[in-house]
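Each chain, written out:
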Amino acid sequence: MLSLNLLPSSNVTFSKTNHKCPINSSLLDPILVNRHRNPQFPFHTFQKPTSKINNIVLFRPSEEPLSQISKSRLDFGKILTTPFGFSSRFVARAASGAPQEASPDGEIEVSKPDKNLKLALIFGLWYFQNIVFNIYNKKALNIFPYPWFLASFQLFCGSVWMFILWSLKLQPCPKINKSFIVALLGPALFHTIGHISACVSFSKVAVSFTHVIKSAEPVFSVVFSSFIGESYPLKVWLSILPIVFGCSLAAVTEVSFNFGGLWGAMISNVGFVLRNIYSKKSLQNFKEVDGLNLYGWISIISLVYLFPVAVFVEGSQWVTGYHKAIASIGTPSTFYLWVMLSGLFYHLYNQSSYQALDDISPLTFSVGNTMKRVVVIIATVLVFRNPVRPLNALGSAIAIFGTFLYSQATAKKPKVQAGDKKD
């Protein structure tokens, strides 16, 4: 028999298995077990017979070197104290108080009510943060039309937020080196292009129109991926046809149509697609870095890219624009609040989207991301009372439906890398 002491006052006895490998305490982390699940290495369930609480310990022999196993995982106690989008796999369990059950192969299963509550919390938080960002971002741009400043400030808020998480150890800071930073330079550059272009578009046209054009991102993804040799089945190519038609119909019937806004949204699509493609190639050796830390470092490097250019492009107009904004709104605190909320919720909704993909399937995420655009479009139309023509609404609906068809057609792709997270 092999004895492992997990707690000072508790001894748990394990039966020796046929797998010859060392037992490491990090392998008992339920988050780590779920992240490295592999059918070739079944779980073995051990239960302490004398305990009054149904405590189940999962053990699995490691199929990879211990040095390659990520140590940047959130501690259980810290997760429960973080309301702003930290890993939601424990949120539903904490909210419901219902016990979890173990399946015959040892995997912890969540009951259907818990799963539904978990999904509701994930999507509710994600959608709410996105709506708040879009509303206050547009409010700030209406009185202070300097998208380069706001885009830089949003990246700054995200960078400060991540430093706070790392400093308070609410999120483990990844070990970085020169090769990691070099690998991030390309994805961060394309992320910067995508972010500033979207912000420019928001400043020139209605938020709803920008989101309709941004729903055409799958078209650019298929086209650019085909250029580098990736092939797609016919149903994927057919699914992008309604996206193209819907976006075209929405563009020609848009009341607030502006070529600057249109091109901004199109360039944003190109930037984010190239970020995703480039991430697959340059970050494949850094899979131990989780999605939130990866996005945090991309935000920091993007800020370094963007701010000097922002100062050059429109820095000379910021002081004058600030005084005009204060004069138009009357109370400086309101303007400060709008800018602060746009910066904070920009990072929070992206953080939630990254963590959502960690907790749900890629198909569920794709469908959720499609529906998110619908919710944001409806919310912003109601808040800003943008006039919508019938043909414009029809074109938007066709484009969104095409995006849904695309997510269905590509649902069976083998895996989704960290760089594939939607913006």
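Residues numbered from 1 in each chain as written. Predicted model: local features only at pLDDT ≥ 70, side-chain atom pairs only at ≥ 80, totals over all residues. Heavy atoms only, no water.

Draft legend 1. Broad picture of the overall build of the protein. In terms of helices and strands, the protein carries 15 helices and six strands. Evaluated residue by residue, the protein yields a buried proportion of 49% over its 423 residues. For the protein, the share of sequence-separated contacts (at least 6 apart) that also reach a separation of at least 24 residues comes to 81%. Carbon and sulfur atoms form 65% of the exposed surface of the protein, whose accessible area is close to 20900 Å². (Helix = DSSP H or I, 4+ residues; strand = E, 2+ residues; numbered from the N terminus. Buried < 20%, exposed > 50% of the residue type's maximum accessible area, 1.4 Å probe, protein only. Contact = heavy atoms within 4.5 Å. Areas by Shrake-Rupley, 256 points an atom, 1.4 Å probe, with all protein chains shown as cover.)

Draft legend 2. A look at the nonpolar core. Formed by 58 residues in total, the largest nonpolar core has its most connected members in F180, L184 and L294. With eleven residues, the top contributor of residues to this core is helix 13 (residues 332-359). In this structure, F180 is in contact with F286, V289, L294 and W297, ignoring residues within four places of it in sequence. By size, the runner-up hydrophobic cluster in this structure holds 22 residues, among which are I213, I243, A251 and Y406. (Core = buried A, V, L, I, M, F, W, Y, C linked by side-chain atoms within 4.5 Å.)

Draft legend 3. Up close: helix 7 (residues 207-214). Of all eight residues making up helix 7, eight are buried, and the element is well covered by its neighbours. Of all the positions in helix 7, only V207, S208, F209, T210, H211, V212, I213 and K214 are classed as buried.

Draft legend 4. Spatial organisation of the environment of L141. Within the secondary structure, L141 sits in helix 4 (residues 112-143). Relative accessible area serves as the criterion here: at 2%, L141 is assigned to the buried category. Spatially, the C-alpha atom of L141 lies 8.9 Å from that of K204, the residues being 63 residues apart in sequence. With near-sequence residues (within four places) excluded, L141 lies in contact with Y146, P147, L150, C199, F202 and S203.

Draft legend 5. Representation of a nonpolar patch on the surface in the model. Among the surface-exposed residues, L189, I193, F257, F259, W263 and I267 lie close enough to one another that they form a single nonpolar patch of about 570 Å² accessible area. Of note, L189 is situated in helix 6 (residues 178-204). (Patch = residues over 30% accessible without salt bridge, like charges linked within 9 Å, V, L, I, M, F, W, Y side chains within 5 Å. Salt bridge = Lys/Arg side-chain N within 4 Å of Asp/Glu carboxyl O.)

Draft legend 6. Examining unusual backbone geometry more closely. Its identity is not glycine, yet K169 carries a phi of approximately 60 degrees, on the positive side. Positive phi outside glycine occurs at R385, with the angle close to 55 degrees. Topologically, R385 is positioned in the loop between helix 14 (362-384) and helix 15 (390-409). A relative accessible area of 72% places R385 in the exposed class.

Draft legend 7. Broad picture of the packing of aromatic side chains. In the structure shown here, the tally under the stated rule is 25 aromatic pairs. A centroid spacing of 6.5 Å and a plane angle of 10 degrees characterise the contact between F149 and F153, whose relative ring orientation is stacked. One end of the pair is F149 and the other is F153, both in helix 5 (residues 147-167) and four residues apart, which spans about a single turn. The class for F149 is partly exposed, based on a relative accessible area of 25%. Taken together through their ring pairs, the aromatic side chains of F144, Y146, F149, F153, F156, F307, W318, Y322, F335 and Y336 make up a single cluster. (Phe/Tyr/Trp six-rings, centres within 6.5 Å; stacked < 30°, edge-to-face > 60°.)

Draft legend 8. Broad picture of helix 11 (residues 291-314). Helix length check: helix 11 (24 residues) gives 33 Å between terminal C-alpha atoms against 34 Å at 1.5 Å per residue, within 8%. The axis of helix 11 is deflected most strongly, by about 25 degrees, at L306, and proline P308 appears within four residues downstream. (Expected span 1.5 Å × (residues − 1). Bend = angle between axes of the 7 residues up to and from the residue.)

Draft legend 9. Representation of the packing of helix 9 (residues 234-252) against helix 15. At a minimum axis distance of 7 Å, the contact between helix 9 and helix 15 shows a crossing angle of 160 degrees. As far as their axial angle goes, helix 15 and helix 9 are roughly antiparallel. Regarding helix 9 and helix 15, the two cross each other, and that crossing is left-handed. Counting all contacts with helix 9, which are made through K235, V236, S239, I240, P242, I243, F245, G246, C247, L249 and A250, the residues of helix 15 involved are L391, N392, L394, G395, S396, I398, A399, G402, T403, L405, Y406 and A409. (Axes fitted to C-alpha atoms, helices over the stretch in contact; angles between N-to-C directions. Parallel < 35°, antiparallel > 145°, perpendicular 65-115°, else oblique. Left-handed = near helix turned anticlockwise from the far one by under 90°.)

Draft legend 10. Spotlight on the environment of S256. Along the polypeptide, S256 turns up in the loop between helix 9 and helix 10 (259-282). Expressed as a C-alpha distance, the spacing of S256 and F209, which sit 47 residues apart in the sequence, is 8.1 Å. Beyond its immediate stretch of four places on either side in the chain, S256 contacts K204, V205 and A206. A distance of 2.6 Å separates polar atoms of two side chains, one belonging to S256 and the other to E254. (Polar contact = N/O pair within 3.5 Å; in protein donor to acceptor, adjacent residues only side chain to side chain.)

Draft legend 11. How the structure looks around the packing of helix 8 (residues 217-227) against helix 10. It is at 9 Å that the axes of helix 8 and helix 10 come closest, and there the two elements cross at 50 degrees. If you check the angle between helix 8 and helix 10, you find them oblique. As for how helix 8 packs across helix 10, the hand of that crossing is right-handed. Seen from helix 8, the contacting residues are E217, F220, S221, F224 and S225; seen from helix 10, they are M266, N269, V270, F272, V273, L274, N276 and I277. Residues of the contact of helix 8 with helix 10, tallied by class, amount to eight nonpolar, four polar and one charged. (Nonpolar A, V, L, I, M, F, W, Y, C, P; charged D, E, K, R; others polar.)

Draft legend 12. Spotlight on the confidence of the model for the protein. On average, residues of the protein score 76 in pLDDT, and 70% of them are at 70 or above. Per-element averaging of pLDDT across the protein places helix 2 (residues 76-79) at the bottom with 36 and helix 5 at the top with 95. Between residues 1-110, whose pLDDT stays under 50, and residues either more than four places distant or in other chains, the model counts 158 contacts. Taken as a whole, residues 413-419 scores under 50 in pLDDT and shows twelve contacts with residues more than four places along the chain or in a different chain. (pLDDT = per-residue confidence, 0-100.)

Draft legend 13. Fine view of the environment of F312. Counting through the fold element by element, F312 comes out in helix 11. Of the residues examined, F312 reaches a relative accessible area of 75% and is grouped as exposed. The sequence separation of F312 and W148 amounts to 164 residues, and the corresponding C-alpha distance is 9.9 Å.

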